[in-house]
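Here is how the chains run, residue by residue.
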Amino acid sequence: MPETMTTTCCISGGGPAGIMLGLLLARAGVDVVVLEKHVDFFRDFRGDTIHPSTIDLLDQLGLRERFDAIPQSEIHTLDVVVNGNRLTPVDFSRLHRKNEYIALMPQWDFLSLLAEEGKRYPNFHLMMGVEATGILRDGDGDAGGARVRGVTATTKDGPIEIEALLTVAADGRDSAVRDSAGLVPVDFGVAIDLLWFRLPRTKVNPPDTLAYLDAESMVITIPRHDYYQAGMLIPKGGYPDVQAAGLEDFRARIVRVAPFLAEVVGSLKDWDQVKLLTVQVDRLEQWWQDGLLCIGDAAHAMSPAFGVGVNYAIQDAVATANLLVDNLRAGAVTTEDLARVQARRLPPVARMQPIQLRLHNVIAKPGGGGFLANPMRWWQRAAAAVLLPILRRISARIVGRGFRPEVIGPQLDPR
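Here is a short report on the structure shown in this document. (Residues numbered from 1 in each chain as written. Predicted model: local features only at pLDDT ≥ 70, side-chain atom pairs only at ≥ 80, totals over all residues. Heavy atoms only, no water.)

So, the overall build of the protein
Counting its secondary structure elements, the protein contains ten helices and 20 strands. Over its C-alpha atoms the protein spans a radius of gyration of 22 Å, differing by no more than 12% from the 22 Å that the globule rule assigns to 415 residues. The principal-axis extent of the C-alpha atoms belonging to the protein is close to 70 × 50 × 40 Å. Counted over contacts in the protein with a minimum sequence separation of 6, partners at least 24 positions apart contribute 75%. Accessible surface computed for the protein: about 17400 Å², of which carbon and sulfur atoms make up 54%. Seen as two clouds, the 44 positive and the 49 negative side-chain charges of the protein have centres 8 Å apart. (Helix = DSSP H or I, 4+ residues; strand = E, 2+ residues; numbered from the N terminus. Rg over C-alpha atoms; globule rule 2.2 N^0.38 Å. Contact = heavy atoms within 4.5 Å. Areas by Shrake-Rupley, 256 points an atom, 1.4 Å probe, with all protein chains shown as cover. Lys, Arg positive; Asp, Glu negative; His and termini not counted. Charge placed at Lys NZ, Arg CZ, Asp CG, Glu CD.)

So this is what it looks like as structure tokens:
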């Protein structure tokens, strides 16, 4: 028979949403179990951007000094080079707040920081190498009515069942818990995929540049301390064609779009250095069932555009903790309580995803950079002079803080 555990809140997924939610609830006196299927956090995460809204939360948690001690890069402005024309559409100084930059650090360092803080509380239980495989329901009812009362999981020592007042699916866009509950997201369709790879820093580095795009393709160049986290957009499902053309052709494509990388592109010597990210944008119509709540990518997969996915997941966690902590302490969480979380977080998600989709359809696609002449015509220069200052004010807010940044409420004070 499987071993059985009991807790107040069982969270599947030790990513940003799961670890942050576990920490917030534990410090507020709620017993929490967080399940992470990997044995450590040290793997190739793609979401390494920590936005101002998240740094604000670290200030609230008293973690800023420890956060600042982690090696990281800071981005205060972001350029894009469109068909040879350098533009600056994002300037975080326009936020006029304490934290006016994006921090770039390995996500394993960020998660380790939160996990170490969580371990200060005896009711925070992080179980590494434990993968949730399904859900438990009251009685023999079907997915339409029986209350979710926990999860089934696998460990190195065998199966385990974890019973909980509330189960939270924070296990990503391929969530096993969400799928086991029969919840199916609506896929909005994205016509691109992304190939991720690392390149060494060049001898002379250009200004921090998010992307280079022209009539052929788009290359992302996220500046890190000693390397570029780089990527190339390709048509969805087009990776086999890219591989068939060969690495030499792939390297040549990179250099044609971002010529300054010519001196370092030779470091790509094997396809094992290139990782495929299947881009998707989707969202559940209903994020909850009785006893179950989905947050982060399990509720709404975000595009890599603007790098906001990690930060929206963390905002979900904060809103969940704010809205449900009193119910969890009292030992009763209703479907109405869970619906309040979706009502809080759906509007900002529903506003950001169409912006991402629009960006993909108009600009962020192979060939999308051809909309500007090189050099720009007079009317294009005039339009840029008028529109860019307006765009900088808007983009700093949308990218840096989102449409509804969350604040840790007093109900989450340590107990």
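Past the structure itself, the notes keep going.
Details of the sheet that holds strand β16 (residues 227-235)
Across the sheet, seven strands lie side by side as β6-β5-β14-β15-β16-β13-β17; this open sheet has mixed pairing. Edge positions in the sheet fall to β6 (85-91) and β17 (275-277), since each of these pairs with one other strand and no more. Between one strand axis and the next, the sheet turns by 25 degrees as a mean value, whatever way the strands run. Sheet topology note: the strand β5 (residues 77-82)/strand β14 (residues 209-213) ladder contains four bridges and is parallel. Counterpart to Val-82 in the pairing with β14 is Leu-213. Along the sheet, helix α7 (residues 247-257) makes contact with β13 (192-200), β14, β15 (218-223) and β16, crossing β16 at roughly 105 degrees. (Pairing = 2+ DSSP bridges. Axes fitted to C-alpha atoms, helices over the stretch in contact; angles between N-to-C directions.)

So, the packing of helix α1 (residues 16-27) against helix α4 (residues 107-118)
Where α1 meets α4, the axes come as close as 9 Å, and the angle between the chain directions of the two elements is 20 degrees. Taken together, α1 and α4 sit at an angle that is classed as roughly parallel. Viewed along their axes, α1 and α4 form a crossing whose handedness is left-handed. Of α4, the residues touching α1 (which contributes Pro-16, Ile-19, Met-20 and Leu-23) are Gln-107, Leu-111, Leu-114, Ala-115, Glu-117 and Gly-118. Looking at the contact of α1 with α4 residue by residue, the class counts come to seven nonpolar, two polar and one charged. (Parallel < 35°, antiparallel > 145°, perpendicular 65-115°, else oblique. Left-handed = near helix turned anticlockwise from the far one by under 90°. Nonpolar A, V, L, I, M, F, W, Y, C, P; charged D, E, K, R; others polar.)

Some thoughts on the side chain of Asn-322
Structurally, the position occupied by Asn-322 is in helix α8 (residues 309-330). When neighbours within four sequence positions are excluded, Asn-322 is seen to be in contact with Val-407, Ile-408, Gly-409, Gln-411 and Leu-412.

Digging into α1
Given a rise of 1.5 Å per residue, twelve residues ought to cover 16 Å, and the 17 Å separating the end C-alpha atoms of α1 matches this to within 8%. Burial within α1 is extensive, with twelve of its twelve residues counted as buried. Listed in full, the buried residues belonging to α1 are Pro-16, Ala-17, Gly-18, Ile-19, Met-20, Leu-21, Gly-22, Leu-23, Leu-24, Leu-25, Ala-26 and Arg-27. Phi turns positive one or two residues past the end of α1, at Gly-29, with a value near 95 degrees. (Expected span 1.5 Å × (residues − 1). Buried < 20%, exposed > 50% of the residue type's maximum accessible area, 1.4 Å probe, protein only.)

Thoughts on the environment of Ala-298
For Ala-298, the position within the fold is in the loop between β20 (292-294) and α8. By relative accessible area, Ala-298 is classed as buried at 0%. As for Ala-298 and Arg-283, which are separated by 15 residues in sequence, their C-alpha atoms are 8.3 Å apart. Beyond its immediate sequence surroundings of up to four residues, Ala-298 is in contact with Ala-169, Asp-171, Gly-172, Arg-173, Ser-175, Arg-178 and Leu-284.

Some points on the environment of Arg-178
Following the sequence through the fold, Arg-178 ends up in helix α5 (residues 176-180). Measuring from C-alpha to C-alpha, the distance between Arg-178 and Glu-336 comes to 19 Å, with 158 residues separating the pair along the chain. The residues contacting Arg-178, other than those within four sequence positions of it, are Ala-169, Gly-172, Arg-173, Leu-183, Pro-185, Leu-284, Cys-294, Asp-297 and Ala-298. Within the structure, the side chain of Arg-178 is placed 2.9 Å from the backbone oxygen of Arg-173, a separation counted as a polar contact. (Polar contact = N/O pair within 3.5 Å; in protein donor to acceptor, adjacent residues only side chain to side chain.)

Describing the pattern of salt bridges
Enumeration according to the criterion identifies 21 salt bridges in this entry. With its nearest N and O atoms 3.0 Å apart, the salt bridge here joins Arg-86 to Asp-79. Looking at Asp-79, the relative accessible area reads 6%, which means it is buried. Between Arg-344 and Glu-406 there is a salt bridge, with the nearest N and O atoms lying 3.0 Å from each other. Of the two residues, Arg-344 is situated in helix α9 (residues 335-362) and Glu-406 in the segment after α10 (378-400); the sequence distance between them amounts to 62 residues. Owing to a relative accessible area of 32%, Arg-344 belongs among the partly exposed residues under this scheme. One salt-bridge network, in which partners are shared between bridges, spans Asp-59, Arg-64, Asp-68 and Lys-98. (Salt bridge = Lys/Arg side-chain N within 4 Å of Asp/Glu carboxyl O.)

Regarding the side chain of Asn-327
Assignment of secondary structure puts Asn-327 in helix α8. Exposure remark for Asn-327: the relative accessible area of 16% places this residue in the buried category. In this view, Asn-327 contacts Leu-165, Ala-332, Val-333, Asp-337 and Arg-340; residues no more than four positions away in its chain are not counted.

Observations concerning the nonpolar core
One broad trend across soluble globular proteins is that nonpolar side chains are buried collectively. Core analysis: the biggest nonpolar cluster contains 83 residues, and Leu-25, Leu-35, Phe-67 and Leu-293 have the highest contact counts within it. In terms of residues, this core owes the most to one element, α8, which gives ten residues. Other than its neighbours up to four places away in sequence, Phe-67 contacts Ile-50, Ile-55, Leu-58, Gln-72, Tyr-101, Ala-103, Met-105, Phe-110 and Leu-113. (Core = buried A, V, L, I, M, F, W, Y, C linked by side-chain atoms within 4.5 Å.)

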